Amino acid sequence: MNWKRIALGILILSLAAGVWGFLMLLNNGQQMLGLGSFVVWGLWMALYVFFASTAAGMFFIASLDLLFKVKTFAGTGKIFMLASLTSLGAGLVHILINEGRPERVMNVFLHPNFDSVLAWSVWIYTLIALATAAILFVLFMPQKRLPFHKEPVIKWLMILGFPVAVIASGAVGFTLSTQSSHSFWSVGLFPVLFPIFGMSAGFALSRIIVALYGDKTSPGYPRLAKTMVISTMTLLLAITYIIGSVLFVGIYDATPPTIEAANYIMFGQYWYGFWIVQMGLGIVVALGALIKILSKPGLSKKPAWGLTVGVLVLIGAAVARLNFIIPAQIVAGADFLSSPIVDGRYIDSYIPSLPEWALSAGITAAVILVFYIVAKMMKLIPIRIGNEEAGDE
């Protein structure tokens, strides 16, 4: 079976679906979205959070090579940093199409209100995007074309970008936690949960990249694969504990909306998303596969195992964003009503429309193609693990 042809076929179909979804958006505007009367943050907002936090996670992992010079990750920094920028690009595109008038985002820069956490989030993600782009520019530019030595400049850019990435990884958590009208979000664990989600998604994406493009003959490959397995397992266990804590607080909180939101996540309209996809596939099955790989190190050299585990963790992380963002809005909206609304235009639930899914699939496919093309052009593939000078020629 030719997996490359199958993957290419899926990417082409996804791009075609994305073009159709974009045309639907242009022709019909936001009325094509499945947003309800109170759910104003839907699929695209959740995917923005997913891609942005994954980008922060990839930045951290890239820093293990580029900043901290951890020998296990030597040779991976450039391609992981490229993955960080492309993932962030996917997130920013999702949040822009989510806005009715995306050009108005310039007002956040021209007339900023720094009393708003959202304004701070925009500035933080802009700074991390600029920092990542600057780091990649210096990394990809041959030394003979630069009027300065690359290493110290890269080091200082990483030092400046690292704390921004830390803040960016928890920015959405801070934003949600300050929404007093949604009591389920007003939990101190949210700013902690999202960075850990980002790290786990980052390790999952890096595992996919290494499984597909890593040089299996590199002497450092086994140690890197083992480190990634252990790190991902640790993060998944931490996520399980924190999710349990958030839901426990929600159920035993004296405020009815928090109890309703927790129950909605576990037993509501999208119960299968939580139990089957997020917890079942994204954590239980993924942990089982990771334990199998850890017990039989030879499996780490088989791309199918790394690819499967990475995809499971990423899908679970993406669904987790939906589970934490949508139910709280539905419950909070219903709680504001003193009496039921009898009107055909009232929608008390949210189901993403087909154009929403199609456009998201197209954006994801486009980002994957951009990543692959740039990685090939910059000779980052195959990844020579353990080679600190890989790609510097």
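Now for a description of the structure that goes with this document.

Rules used throughout
- Residues numbered from 1 in each chain as written.
- Predicted model: local features only at pLDDT ≥ 70, side-chain atom pairs only at ≥ 80, totals over all residues.
- Heavy atoms only, no water.
- Helix = DSSP H or I, 4+ residues; strand = E, 2+ residues; numbered from the N terminus.
- Expected span 1.5 Å × (residues − 1).
- Buried < 20%, exposed > 50% of the residue type's maximum accessible area, 1.4 Å probe, protein only.
- Contact = heavy atoms within 4.5 Å.
- Patch = residues over 30% accessible without salt bridge, like charges linked within 9 Å, V, L, I, M, F, W, Y side chains within 5 Å.
- Areas by Shrake-Rupley, 256 points an atom, 1.4 Å probe, with all protein chains shown as cover.
- Salt bridge = Lys/Arg side-chain N within 4 Å of Asp/Glu carboxyl O.
- Phe/Tyr/Trp six-rings, centres within 6.5 Å; stacked < 30°, edge-to-face > 60°.
- 1 Å grid on protein atoms, 1.4 Å probe; cavity = no way out; pocket = protein on both sides within 12 Å on 5 of 7 lines; lining within 4 Å.
- Points joined across faces, edges and corners; volume = space filled by probe spheres on them.
- Nonpolar A, V, L, I, M, F, W, Y, C, P; charged D, E, K, R; others polar.
- Axes fitted to C-alpha atoms, helices over the stretch in contact; angles between N-to-C directions.
- Parallel < 35°, antiparallel > 145°, perpendicular 65-115°, else oblique.
- Left-handed = near helix turned anticlockwise from the far one by under 90°.
- Core = buried A, V, L, I, M, F, W, Y, C linked by side-chain atoms within 4.5 Å.

This next bit is on helix H1 (residues 3–28). Over its 26 residues, H1 extends 37 Å from the first C-alpha to the last, a length consistent with the 38 Å expected when each residue adds 1.5 Å. Considered for burial, the residues of H1 that qualify are Leu11, Ser14, Gly18, Gly21 and Leu25. Where H1 is buried, its residues touch helix H2 (43–66), helix H3 (77–98) and helix H12 (354–377). Following H1 by one or two positions, Gly29 adopts a phi angle in the positive range, close to 65°.

This next bit is on a nonpolar patch on the surface. A cluster of nonpolar side chains, Phe267, Trp271, Tyr272, Trp275, Ile276, Leu281, Val284 and Val285, forms an exposed patch at the surface whose accessible area comes to about 800 Å². Considering every element that reaches the nonpolar patch, the biggest residue donor is helix H10 (residues 271–295), with seven residues. Looking at the element boundaries, Val285 is found in helix H10. Classification of Val285 as partly exposed rests on a relative accessible area of 40%.

Inspection of every chain in the model, using the stated rule, returns 13 aromatic pairs. For the ring pair Phe274 and Trp275, a centre distance of 4.8 Å and an interplane angle of 80° mean the geometry is edge-to-face. Judged by relative accessible area, which is 4%, Phe274 ranks as buried. On the basis of relative accessible area, Trp275 is assigned to the partly exposed category, the value being 40%. Site record: aromatic cluster; members linked through ring pairs are Phe109, Phe114, Trp120 and Trp123.

Further remarks concern empty space enclosed by the protein. One pass over the structure, following the stated rule, counts four cavities of 30 Å³ or more. In this structure, the largest cavity occupies an estimated 60 Å³ of space. Elements represented by at least two residues in the lining of the largest cavity include exactly helix H7 (190–213), helix H8 (221–252), H10 and helix H11 (303–336). Broken down by class, the residue content of the lining of the largest cavity amounts to seven nonpolar, four polar and no charged.

Moving on to the layout of surface pockets. Taken as a whole, the largest pocket spans an internal volume of roughly 2,000 Å³. Together, 44 residues line the largest pocket, and Leu11, Ile208, Leu212, Leu307 and Ile368 are the ones closest to its centre. Broken down by secondary-structure element, the contributors of at least two residues to the lining of the largest pocket are H1, H2, H3, H7, H11 and H12. The dominant element in the lining of the largest pocket, judged by the number of residues it contributes, is H12, at 11 residues. Looking at the lining of the largest pocket, its residues break down into 35 nonpolar, seven polar and two charged. Looking at the second largest pocket, its volume works out to about 650 Å³. Along its surface, the second largest pocket is lined by 29 residues, and Ile95, Glu99, Val105, Leu118 and Val122 are the ones closest to its centre. Of all the elements in the fold, those that place two or more residues in the lining of the second largest pocket are H2, H3, helix H4 (106–110), helix H5 (117–140) and helix H6 (150–177). When residues in the lining of the second largest pocket are grouped by element, the largest group, six residues, is from H5.

On to the packing of H2 against H12. For any two helices packed against each other, the geometry is given by the interaxial angle and the distance between the axes. At a closest axis distance of 10 Å, the pairing of H2 and H12 adopts a crossing angle of 25°. Between H2 and H12, the angle falls in the class roughly parallel. Here the hand of the crossing between H2 and H12 comes out right-handed. Between H2 and H12, the residues in contact are Leu43, Trp44, Leu47 and Phe51 and Glu356, Trp357, Leu359, Ser360 and Thr364, respectively. Looking at side-chain class alone, the contact of H2 with H12 contains six nonpolar, two polar and one charged residues.

Further remarks concern the nonpolar core. As a rule of thumb, nonpolar side chains are buried together in soluble globular proteins. Formed by 117 residues in total, the largest nonpolar core has its most connected members in Ile79, Phe80, Tyr125, Ile209 and Ile243. Per-element tally for this core: the top contributor is H2, with 17 residues. Excluding residues that lie within four positions of it along the chain, Ile209 makes contacts with Met58, Ile79, Phe80, Ala83, Gly214, Phe371 and Ile383.

Limitation: the analysis is restricted to geometry and does not speak to function.
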